[in-house]
Amino acid sequence: MAKNLLIVESPAKAKTIEGYLGKDFLVKSSYGHIRDLIKTDDAIDVGNNFEQRYEVPADKRAVVNELKKLSKEAEMVWLASDEDREGEAISWHLFETLGLKEDKTKRIVFHEITKTAILKAIENPRKIDYNLVYAQQARRVLDRLVGFELSPVLWKKVKPSLSAGRVQSVAVRLIVDREREVNKFTPTAAFRVVAIFTTDNQKEIFRAELPERFEQAAQAESFLKDCTDALFTVKSLETRPTKRNPAAPFTTSTLQQEASRKLGFSVARTMSVAQKLYEHGKITYMRTDSVNLSDTALNAAAAEIKSAFGQRYHQERKYKTKSAGAQEAHEAIRPTYFEHHTINGDPSEQRLYDLIWKRSIASQMAEAAFEKTTAKIDISTRKEEFVANGEVMKFDGFLKVYIESTDEEEQEINLDEENENSILPPLSKGQKLNLREMNATERYTRPPARYTEASLVKKLEELGIGRPSTYAPTISTIQNRGYVVKEEREGKKRDFQVISLKNGKIHSDIKSENTGAEKNKLFPTDIGAVVNDFLVEHFKKIVDFNFTASVEKEFDEIAQGLKNWTEMLRSFYKPFHIEVETTLQNANRASGERDLGVDPASGKKISVRIGRFGPFVQIGEAAENEDSEKPKYASLRAGQMIETISLAEALELFKLPFQLENYEGKEISVGLGRFGPYVKWGENFISIPKGEDPLSVNYERAIEIINEKNLADAPIAHFQGLGVTKGKGRFGPFIKWNNLFINVPARYNFDKLGQPEIEELITKKIEKESNRFIQQWESEKIAIENGRWGPFIRFGKLMLKLGKNPATNDKFTSEELAVLTLENIKKLITDQVPDAFAPKVKKTTKKPPVKKAPAKAKK
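## Some remarks on the overall build of the protein
- Within the protein, the secondary structure is distributed over 22 helices and 36 strands.
- Each principal axis of the C-alpha distribution contributes one length, and for the protein these read about 100 × 90 × 85 Å.
- Relative to its 859 residues, the protein shows a buried fraction of 46%.
- In the protein, of all internal contacts separated by at least 6 residues, the share reaching a separation of at least 24 is 68%.
- A total of about 45900 Å² of accessible surface is found on the protein, and carbon and sulfur atoms cover 49% of it.

Have a look at this one:
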């Protein structure tokens, strides 16, 4: 047995670190948190200093038992969880649960997994920092109290099975508020005038723009008429040098934003990939507010820049973190070894590493130098002046490596600056110019941009809401709860006018553009909007941006030892609990109901609201007696919302479903279902292509959709006498054979899959499936499977460790697992989940009594 037991969170990290330490160290993983608050509502005793009741989940019991045994045998236990508050809490939970002793426990931290960093951490151990633990505890307790007390209010006053959270509710409010800004926005049009000039030789062409806009077409046309016989001369030229500096190295939030813009990664995917890079020793710790680089990193970056690009490209910069509440992590996200420009392995890891390397290196490179020229062009017949801008790069500097992307809001502001970075030909003051063409184009103002995951993270950070570790789970949670959806939406056709002057003649054209198309944007759902409005009305503090940010500052003060965590919770909880009680007693039920008008056919009222299965339109009132005519109902379509749907749009919903003529002896109907509009042919439901209006589908179009589906479902090949079909699903392109769904990796050309590739994919899948199960008892929902980290027991939805063979006190061999009986397996399961096979007792709805604090004696 090794003298030292070192415990980290993940198996990947354990494997990397184990290679750096000698035989005196045994490195084990806790697989994240080993315990959590119990699930019942008496987990926190609010009357007893918010004392918590914890439990070890069933799937962690085997891990805890193993760590307990190993810690008793070791001379020293080293707690090496991550260096942030969450990591400190994990170390504390390990200390408490394993029953460790102060004199035989050391806490170490490091922000990169390199041999140097690990050995340095071993040389500089410390005790558990309880201020950090208290800060994490305060956040966990506060969020549990908010969730457990708010959720029942939503069940009673809005809809069953809803839930609420402190930071999540604020994020939903941001998205709801932005959607309403977009819906209220009324675009206004103005004419933008752009001229194309040539110099005397007619070869050099450049663009110039009129700074003024014309509100009316007549004004724009009048301007162009005045320019028909005008003389154009260069009135003034101004040339000045400009510089551009690189962005600071990545923090958690800026990495999430840039990975979304450049790589198309969701926030959750970015953090997952970054976690793997960190665990494999490729980058420093990925949860940080700091933009600082250590002296070691600065020296390594300088050496690499000078070696790869030359001395001229290096410029040392020391960035300072602006955030007053920056967390404990010491450094920005950077590569652990700057000389490694790329890495091998998973493509996602390669792409994210490449982004981190470029951003880090660029931050230490020289500024880019430009020469910017502005020319003002006089019009002999008008007082206005055209302006032409040109920019010439004199030295690329950091741009040799990296260009930072911008948010959509910034891109939209600069949409019309097409000539901003063009190169102007040599010009001189007083020079006469030739007009080749002039266009006055009608352009509309744009509404505020809807949030992407990246821009939402940016906004939350600006408001001081949440911390690096909270952004990804917050955004995932509001989507999983159905309050927000991330999707693409079709735009609408819009006409615009273009008035042109060319060869001395003016003519006008009407052109069209697609406007309002959205890609990967966050939209509130109806239930999200209704819940938000309810919380805004009855729990103003919970969804108040300033209050939520002030709570984050209080967590920071607790972490710094400046505030008592129980006092902070007490000051929050008492008024919040009173609000909950008041709302339960006095608030009306919220459904978002809205009257749309009267049905022209029946004269009955038409309304829209949230129901048990989502938003719906209703014609008529609920029947008072059985003989009365019952109301008609229709579900809203994707993209429609309670607060924006019109009477005309609502009436359209009642036209579905409708019947068409039979085709090949089978009935055809068009309808709207749970997964969108469809054509039903016999018993087959076929989705109508995205963006196509189901009401426009006639008999001929329905047959086209049916035949397209039949063609798509036709076998593209055969394997072992069975047909192979292909399609695209939630997880990308796939082929289907013998009820097996086989993902097609990007290295294959999905559109041109040949027989050899198909056989290769199917053969690999069959081999993988045959190796997946060592033993399986389907009726018992029990199996022994081969997993990524070795064999494990699958029991229903649980994945349990196998532990050691009691007979040999060593790991089970493949041969031993192949002959284990069902009784042996059940014994291994009950060791970890004692009540796994106990008879199920029907749960009662009665809640356990909440323990009250003992009354204080009167003095």
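## Here's the deal with helix 19 (residues 699-713)
- When the terminal C-alpha atoms of helix 19 are compared, their 21 Å separation across 15 residues agrees well with the 21 Å that a helix rising 1.5 Å per residue should span.
- Buried within helix 19 are the following residues: R701, A702, I703, I705 and I706.
- Contacts made by the buried residues of helix 19 are with strand 23 (658-663), strand 24 (666-673), strand 25 (676-681) and strand 26 (684-687).
- Near the N-terminus of helix 19, the side chain that reaches the backbone nitrogen of E700, with its oxygen 3.3 Å away, is that of N698.

## Considerations on the packing of helix 3 (residues 85-97) against helix 5 (residues 130-157)
- Relative orientation of the contacting elements helix 3 and helix 5 amounts to 100°, with a least axis distance of 8 Å. Considering their axes alone, helix 3 and helix 5 lie roughly perpendicular with respect to each other. Only Y130, L132, V133, A135, Q136, Q137 and R139 of helix 5 make contact with helix 3, whose side of the interface consists of R85, E86, E88, A89, W92 and F95.
- Here the residues of the contact of helix 3 with helix 5 are counted per class, giving 7 nonpolar, 2 polar and 4 charged.

## Brief notes about the packing of aromatic side chains
- Applying the stated rule across the entire model yields 22 aromatic pairs.
- An angle of 50° between the planes, with centres 6.2 Å apart, marks the rings of F309 and Y313 as tilted.
- Each member of the aromatic cluster is reached from another via a ring pair, and the members are F197, F206, F214, F223, F232 and F386.
- Looking at K262, its charged tip hangs above the ring of Y402, at a distance of 4.8 Å from the centre.

## Thoughts on the pairing of strand 18 (residues 518-524)
- Within strand 18, 5 of the 7 residues are buried, which leaves the element mostly enclosed by the surrounding structure.
- Alignment of strand 15 (residues 484-489) against strand 18, held across 5 bridges, turns out to be antiparallel. Bridge pairing in strand 18 links V484 to P524.

## A word on the sheet that holds strand 29 (residues 732-737)
- Reading across from one edge, 27-28-29-30 is the order of the 4 strands in this open sheet, with antiparallel pairing throughout. On the outer flanks of this sheet lie strand 27 (717-719) and strand 30 (740-743), each paired with one strand and no other. Sheet twist, expressed as the average angle between the axes of neighbouring strands with direction ignored, equals 40°.
- Bridge analysis of strand 27 against strand 28 (residues 722-729) gives 3 bridges, and the strand direction is antiparallel. Considered in strand 28, the bridge of H718 is made with G723.

## Some details on the environment of S696
- Looking at the secondary structure, you find S696 in the loop between strand 26 and helix 19.
- By relative accessible area, S696 is classed as partly exposed at 46%.
- Here the side chain of S696 touches D693 through a polar contact of 2.6 Å, landing on its backbone oxygen.

## Concerning the environment of H538
- Along the polypeptide, H538 turns up in helix 15 (residues 526-538).
- Each C-alpha atom, one on H538 and one on V56, is 36 Å from the other, the two residues being 482 residues apart in sequence.
- Those residues within four positions of H538 in sequence are excluded, and the remaining contacts are E579, T583 and A587.

## Focus: the sheet that holds strand 23
- Read from one edge of the open sheet, 4 strands run 23-24-25-26, paired in antiparallel fashion. The open sheet terminates on both sides in strands that have one partner only, identified here as strand 23 and strand 26. Averaged over all pairs of adjacent strands, the angle between their axes in this sheet comes to 25°, without regard to strand direction.
- Two strands pair when backbone bridges link them, and strand 25 and strand 26 are joined in this way by 4 bridges, in the antiparallel orientation. Across the sheet, the residue bridging to Y678 is S687, located in strand 26.
- Sitting on the sheet, helix 19 touches strand 23, strand 24, strand 25 and strand 26, and the angle it makes with strand 23 is about 65°.

## Section: helix 17 (residues 565-586)
- Along its 22 residues, helix 17 runs 32 Å from first to last C-alpha, staying within 8% of the 32 Å computed at 1.5 Å per residue.
- Of all the bends in helix 17, the greatest reaches close to 25° and is centred on Y573; the proline P575 follows between one and four positions later.
- What helix 17 keeps buried is the set W565, T566, M568, L569, F572, Y573, F576, V580 and T583.
- Check the buried side of helix 17 and you find it contacts strand 5 (51-52), helix 5, helix 15 and helix 16 (545-559).

## Observations regarding the confidence of the model for the protein
- Taken residue by residue, the protein gives an average pLDDT of 88. The fraction at 70 or more is 94%.
- Predicted confidence is poor over residues 410-419, with pLDDT under 50, and the contacts of this stretch with residues over four places away or in other chains come to 17 contacts.
- Note on residues 843-859: pLDDT under 50 across the span, and 4 contacts to partners over four residues away in sequence or across chains.

## Describing unusual backbone geometry
- Backbone torsion omega between L656 and P657 reads -5°, so that peptide bond is classified as cis.
- Here P657 lies in the loop between helix 18 (647-653) and strand 23.
- Backbone geometry at N520 places phi at a positive 55°, although glycine is not the residue there.
- With respect to the helices and strands, the residue N520 is situated in strand 18.

## Observations concerning the nonpolar core
- Grouped together as the largest cluster of nonpolar side chains are 129 residues, with contacts concentrated most on L6, F110 and L352.
- In terms of residue count, helix 5 provides more of this core than any other element does, 10 residues in total.
- F110 has contacts with I17, A80, E83, A117, I118, A121 and Y278, leaving out every residue within four places of it along the chain.
- One finds A220, L224, A388 and L427 within the second-largest nonpolar core, a separate group that totals 27 residues.

## Thoughts on the pattern of salt bridges
- Summed over the entire model, instances satisfying the criterion amount to 56 salt bridges.
- The partner of R139 in a salt bridge is E552, with the nearest N and O atoms 2.7 Å apart. With R139 in helix 5 and E552 in helix 16, this residue pair connects regions lying 413 residues apart in the sequence.
- Given the relative accessible area of 0%, E552 is considered buried.
- For K827, the salt bridge goes to D831, with nearest N and O atoms at 2.9 Å.

## What about the environment of Q832?
- With respect to the secondary-structure elements, Q832 resides in helix 22 (residues 822-832).
- Considering only alpha carbons, one finds Q832 and I578, 254 residues apart in sequence, at a separation of 41 Å.
- Ignoring anything within four residues of it in the chain, the contact list for Q832 reads A58, R61, A62, L800 and K801.
- Within polar-contact distance, the side chain of Q832 engages the backbone oxygen of K801 at 2.7 Å.

## Describing the packing of helix 9 (residues 267-279) against helix 14 (residues 471-480)
- Packing of helix 9 against helix 14 brings their axes to within 8 Å, and their N-to-C directions diverge by 140°. Taken together, the axes of helix 9 and helix 14 lie oblique to each other. The element helix 9 and its partner helix 14 pack so that their crossing is left-handed. When helix 9 is examined against helix 14, the residues V267, A268 and M271 are found in contact with a partner set consisting of Y471, A472, I475 and S476.

Calculation criteria
- Residues numbered from 1 in each chain as written.
- Predicted model: local features only at pLDDT ≥ 70, side-chain atom pairs only at ≥ 80, totals over all residues.
- Heavy atoms only, no water.
- Helix = DSSP H or I, 4+ residues; strand = E, 2+ residues; numbered from the N terminus.
- Buried < 20%, exposed > 50% of the residue type's maximum accessible area, 1.4 Å probe, protein only.
- Contact = heavy atoms within 4.5 Å.
- Areas by Shrake-Rupley, 256 points an atom, 1.4 Å probe, with all protein chains shown as cover.
- Expected span 1.5 Å × (residues − 1).
- Polar contact = N/O pair within 3.5 Å; in protein donor to acceptor, adjacent residues only side chain to side chain.
- Axes fitted to C-alpha atoms, helices over the stretch in contact; angles between N-to-C directions.
- Parallel < 35°, antiparallel > 145°, perpendicular 65-115°, else oblique.
- Nonpolar A, V, L, I, M, F, W, Y, C, P; charged D, E, K, R; others polar.
- Phe/Tyr/Trp six-rings, centres within 6.5 Å; stacked < 30°, edge-to-face > 60°.
- Lys NZ or Arg CZ within 6 Å of the ring centre and 35° of its normal.
- Pairing = 2+ DSSP bridges.
- Bend = angle between axes of the 7 residues up to and from the residue.
- pLDDT = per-residue confidence, 0-100.
- Core = buried A, V, L, I, M, F, W, Y, C linked by side-chain atoms within 4.5 Å.
- Salt bridge = Lys/Arg side-chain N within 4 Å of Asp/Glu carboxyl O.
- Left-handed = near helix turned anticlockwise from the far one by under 90°.

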